[in-house]
Amino acid sequence: MAVQPEPKTDFVPAEEFIVDDFDTLKVLADPLRIRILDLMRDPCTVKQVAVELDIPPTKLYYHINQLEKHGLIVLVETRIVSGIIEKHYQTAAYTVRV
């Protein structure tokens, strides 16, 4: 079983995220991921993003995992709703610079 990251409850995004590796740049090259980052300026769930983008949530999980893996979004809150863990993510920084 994979270890779940702990939420950063008092998280405040940095002013700037500097991309200094090619893999992170490739993650940012996807237009859908840019749209996801724009929606995650405030904490939200994958389901909320899916509603805004009119895309099924299952189509977003891979992209969310890539953004989190490369430090572009951060898990800021988890709570249990009807027996399901609801995760809230937020962008790691207000701006991204290469």
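Since we're looking at a predicted model, the values are computed, not measured.

A. Representation of the environment of R35 within the structure. In this fold, R35 is placed in helix α2 (residues 31-39). Note: C-alpha distance between R35 and L53 (18 residues apart in sequence) is 8.3 Å.

B. Molecular detail of a nonpolar patch on the surface. Together, F22, L25 and V98 make up an exposed nonpolar region whose accessible area comes to about 320 Å². Relative accessible area serves as the criterion here: at 34%, L25 is assigned to the partly exposed category.

C. Representation of the environment of V46 in the model. Tracing the chain through its elements places V46 in helix α3 (residues 46-53). Setting aside its immediate chain neighbours within four residues, V46 contacts P57, L60, Y61, I64, K87 and Y89.

The rules behind the values
Numbering of residues begins from 1 in every chain and follows the order in which that chain's sequence is written. Side-chain atom pairs in this predicted model are given and counted only at pLDDT of 80 or more, local residue features only at pLDDT of at least 70, and totals for whole chains, interfaces and linings cover all residues. Note that the side-chain values use all heavy atoms of the structure and ignore hydrogens as well as water. Secondary structure counts use DSSP, requiring at least four H or I residues in a row for a helix and at least two E residues in a row for a strand, with both numbered from the N terminus. The patches described consist of residues with a relative accessible area above 30% and no salt bridge, like charges being joined within 9 Å and nonpolar side chains (Val, Leu, Ile, Met, Phe, Trp, Tyr) within 5 Å. The accessible surface values rely on the Shrake-Rupley method and a 1.4 Å probe; as for residues, cover is taken only from the protein chains in view. Just to be clear on terms, a salt bridge is a Lys or Arg side-chain nitrogen sitting within 4 Å of an Asp or Glu carboxyl oxygen. Burial classes follow relative accessibility: with a 1.4 Å probe on protein chains only, a residue under 20% of its type's maximum area counts as buried, one over 50% as exposed, and anything between as partly exposed. In what follows, a contact means two residues having at least one pair of non-hydrogen atoms within 4.5 Å.

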